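If you want the building blocks of each chain, they are given just below.
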Amino acid sequence: MNPYYQDREAISPEERERELFSRLPALLARARSRAPAIAQQLQGVDPQAAGSRSGLERIPVIRKSELLQAQLAMRQQGGPSGQPSSSRVFGGFSAIGWGDALRVFASPGPIYEPESARPDYWGFARSLYAAGFRKGDLVYNCFSYHFTPAGSMMETAAHALGCTVFPGGVGQTEQQVQAIADLAPSGYTGTPSFLKIILEKADEQGVELPSLKRALFSGEAFPPSLRDWFAGRGIDGYQAYGSADLGMIAFETSAREGLVVNEDIILEIVRPGTSQPVPAGEVGEVVVTTLNPDYPLVRFGTGDLSALMAGQSPCGRSNLRIKGWMGRADQTTKVRGMFVHPGQVAGVLKRHPEVGRLRLVVSGSPGSDVMVLKVELPEPRQEVLDQLAASVRELTKLRADIEPVAPGTLPNDGKVIDDIRRYE
């Protein structure tokens with residue numbers, strides 16, 4: 001039996017890069033002609049010049065907050081002149097409108113996302129396959145089918161594999177126990193916490209649910225302790241990482257070493273608050289360019305922190321791997337009545353390339369905020385410290401003390417602003 005959903009999961013990294021970046025220019029050209037917000041993002045960029053990672057870096061990162069603001073602005077203004085009403089709803093980012101969009105979903109904001117009739121639109125079939133789901137399985141889907149796309153994400157993926165789906169949704173625990181006992185599904189999709197609740201309810205009722213052998217979890221953390229708990233119940237659980245905007249980003253395999261990146265996206269890790277990729281292994285913000293012709297998000301900042309892992313997965317899949325979710329990249333805070341952004345800290349680093357990592361630590365109590373910029377410096381000369389203090393003052397309009405530390409002292413966790421104030 002083929003261990004991969006598609007053979008291209010095991011092609012050489014070089015071949016994959018060529019294939020992805022050979023597809024990108026045409027996708028960008030199509031997106032520019034159909035999605036006015038993407039056309040604005042690509043201003044001054046020749047799509048043909050984006051056929052490499054260095055070319056892609058010329059395009060500014062657009063973040064979720066900007067997507068929300070674009071949608072809100074267009075809804076208030078009635079949308080761009082000459083554009084279909086769907087452009088108003090999607091903020092000019094969608095390349096399809098009503099009719100071509102099979103469904104519309106809403107995630108918090110609200111941000112609206114289209115779903116077309118393209119098979120496995122959200123790309124989760126690959127993660128289901130890696131978790132052991134196969135044609136002919138009955139999948140018990142406990143993601144919500146209302147407003148958010150999570151339920152449809154798993155259902156369309158299961159259908160692409162040739163599975164049958166029971167739309168369990170969320171809530172009604174006792175009915176869930178009865179339905180699982182009656183239908184005897186082999187697999188579960190949903191959050192790990194809800195399956196745990198179902199199994200514990202079944203224990204209370206004295207009902208055995210032996211049919212469940214595998215599960216694909218998303219939407220919550222899935223630590224090893226919880227994985228072991230399910231394994232003790234005979235359930236082999238895996239996790240997938242995705243979003244309502246991008247679909248599936250990365251997924252766990254039998255190797256249990258990080259998450260393998262999806263085949264139809266280009267993933268970068270950038271310094272929080274900037275558009276600049278960080279060195280391999282450095283923690284930064286996950287940025288994705290999806291090769292989805294219907295909703296072609298380009299250099300979309302997820303707001304999540306992660307890091308690339310070295311080497312290939314022992315499972316044989318050759319794509320990039322990330323360490324999984326490692327926190328949030330948006331560390332904006334307010335100091336003395338003014339917002340301080342990660343991009344401003346990155347601006348200090350850009351001015352002073354001789355330093356290593358930076359971390360702005362905000363402490364104190366209400367009315368007496370204290371900012372300290374910790375900098376990795378091999379030679380902490382006073383002249384350099386004064387220049388750093390001046391840069392912080394110019395970029396943030398606030399004063400900060402400069403604290404030099406030895407190179408390699410600051411943790412590699414992607415955090416550039418650490419707000420440790422307490423208001424108890």
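Look up: the structure comes first, before these words.
Residues numbered from 1 in each chain as written. Predicted model: local features only at pLDDT ≥ 70, side-chain atom pairs only at ≥ 80, totals over all residues. Heavy atoms only, no water.

Caption draft 1: The sheet that holds strand 6 (residues 187–190), seen in detail. Across the sheet, which stays open at both edges, the eight strands sit in the order 5-4-6-7-8-9-10-14 with mixed pairing between neighbours. Each of the sheet's edge strands pairs with one partner strand only, and the pair in question is strand 5 (164–167) and strand 14 (321–322). Relative to strand 8 (residues 236–243), strand 7 (residues 214–217) runs parallel, the two sharing four bridges. When the sheet's bridge partners are listed, Phe-217 is paired in strand 8 with Gln-239. With respect to the sheet, helix 8 (residues 173–183) is in contact with strand 4 (138–141) and strand 5, its orientation differing from that of strand 4 by roughly 180°. (Pairing = 2+ DSSP bridges. Helix = DSSP H or I, 4+ residues; strand = E, 2+ residues; numbered from the N terminus. Contact = heavy atoms within 4.5 Å. Axes fitted to C-alpha atoms, helices over the stretch in contact; angles between N-to-C directions.)

Caption draft 2: Fine view of unusual backbone geometry. Between Gly-109 and Pro-110 the backbone carries a cis peptide bond, its omega angle lying at -5°. Positive phi, normally seen in glycine, also occurs at Gln-172, with a value near 55°. Relative to the helices and strands, Gln-172 is located in the loop between strand 5 and helix 8. Take Gln-172: its relative accessible area is 53%, and that puts it in the exposed class. One non-glycine residue, Lys-397, lies in positive phi territory at about 65°. Tracing the chain through its elements places Lys-397 in the loop between helix 12 (382–396) and strand 19 (401–405). What makes Lys-397 exposed here is its relative accessible area of 59%. (Buried < 20%, exposed > 50% of the residue type's maximum accessible area, 1.4 Å probe, protein only.)

Caption draft 3: Representation of the pattern of salt bridges within the structure. Enumeration over the complete set of coordinates arrives at 28 salt bridges. Its salt-bridge partner being Asp-264, residue Arg-8 comes within 3.0 Å of it at the nearest N-O pair. Of this pair, Arg-8 sits in the segment before helix 1 (13–34) while Asp-264 sits in the loop between strand 10 (259–261) and strand 11 (265–270), placing them 256 residues apart in sequence. Take Asp-264: its relative accessible area is 24%, and that puts it in the partly exposed class. Two residues, Asp-418 and Lys-415, come together in a salt bridge whose shortest N-O distance is 3.8 Å. Here Lys-415 falls in the partly exposed class, since its relative accessible area comes to 33%. Here the salt bridges do not stand alone but share partners, grouping Arg-8, Glu-9, Glu-19, Arg-23, Arg-126, Asp-264 and Arg-317 into one network. (Salt bridge = Lys/Arg side-chain N within 4 Å of Asp/Glu carboxyl O.)

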